[in-house]
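A look at the structure
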Amino acid sequence: RGAVDDAIKKSYRKLVLLWHPDKHPKDREQAEEKIRKINSAYETLGNPVKRDGYIQMLDAIERKKKNQKLDTSLIQPRMSIPKEFMLCPLGHPDKFVRVVGDGLKVQS
């Protein structure tokens, strides 16, 4: 998590040299699979934006394992629906909107 870009690149190069398919002629398929995984990991960890997203995902997984919840009380909705609209559909207190088939029907 606290790795620096240079350390990530150095570890990537070390693992690529270790698992290069030419160095494992007997088990070439396994080496190619390892190289694919190493490249995929480096693609994520080598990019600072993707790495931040990955770290946030790991933090969320850890919170879920510990049954911790985020405090969402400070999050405000982008817009609020007027209470009057919610209590009386279409602004008419004596009418109700019902779904009939594929359309809407206003009843009083």
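Residues numbered from 1 in each chain as written. Predicted model: local features only at pLDDT ≥ 70, side-chain atom pairs only at ≥ 80, totals over all residues. Heavy atoms only, no water.

**Side note on the overall build of the protein**
Quick note on the threshold: Note on conventions: DSSP H or I runs of at least 4 residues are helices, E runs of at least 2 residues are strands, and numbering of each starts at the N terminus. Residue burial is assigned from relative accessible area. The probe radius is 1.4 Å, only protein chains are included, and a residue is buried under 20% of its type maximum, exposed over 50%, and partly exposed in between. Here, residues are in contact when the closest pair of their heavy atoms is within 4.5 Å.
Helix and strand counts for the protein stand at four helices and two strands. Taken over 108 residues, the protein has a buried fraction of 7%. Within the protein, residue pairs in contact and separated by at least 24 positions form 25% of the contacts whose partners lie at least 6 positions apart.

**Regarding the pattern of salt bridges**
Cut-off, in case you're wondering: Any Lys or Arg side-chain nitrogen found within 4 Å of a carboxyl oxygen on Asp or Glu counts as a salt bridge.
Enumeration according to the criterion identifies five salt bridges in this entry. A salt bridge links Arg-51 to Asp-5, with the nearest nitrogen and oxygen atoms 2.3 Å apart. Of the two residues, Arg-51 is situated in helix 3 (residues 48-65) and Asp-5 in helix 1 (residues 5-19); the sequence distance between them amounts to 46 residues. Accessibility expressed as a relative area gives 41% for Asp-5, which makes it partly exposed. For Arg-36, the salt bridge identified is with Glu-33, shortest N-O distance 2.8 Å. Within this pair, Arg-36 and its partner Glu-33 are both found in helix 2 (residues 28-45), separated by three residues, close to a single helical turn. Overall, the relative accessible area of 49% leaves Arg-36 in the partly exposed class. In the salt-bridge network here, residues are joined through shared partners; they are Asp-22, Arg-28 and Glu-32.

**Structural notes on unusual backbone geometry**
Located in the positive-phi region is Asn-67, a residue other than glycine, with phi close to 60°. Tracing the sequence through the fold places Asn-67 in the loop between helix 3 and helix 4 (83-87).

**So, a nonpolar patch on the surface**
To keep things clear, this is the line we draw: Only residues whose relative accessible area exceeds 30% and that form no salt bridge enter a patch; like-charged residues are grouped when within 9 Å of one another, and nonpolar side chains (Val, Leu, Ile, Met, Phe, Trp, Tyr) when within 5 Å. Surface accessibility follows the Shrake-Rupley procedure with a 1.4 Å probe radius. Residue values consider only the protein chains on display as shielding.
On the surface, a cluster of nonpolar side chains totalling about 270 Å² of accessible area is made up of Tyr-54, Met-57 and Ile-61. Position of Ile-61 relative to the elements: it lies in helix 3.

**Here we look at the environment of Leu-70**
Looking at the element boundaries, Leu-70 is found in the loop between helix 3 and helix 4. Sequence separation between Leu-70 and Ala-60 is 10 residues, and the spatial gap between their C-alpha atoms is 9.3 Å.

**Let's talk about the confidence of the model for the protein**
Note the following rule: pLDDT: the predictor's confidence for each residue, scored from 0 to 100.
Per-residue confidence for the protein gives a mean pLDDT of 83, with 81% of residues at or over 70. Mean pLDDT in the protein bottoms out at helix 4, which sits at 62, and peaks at helix 2, which reaches 93.

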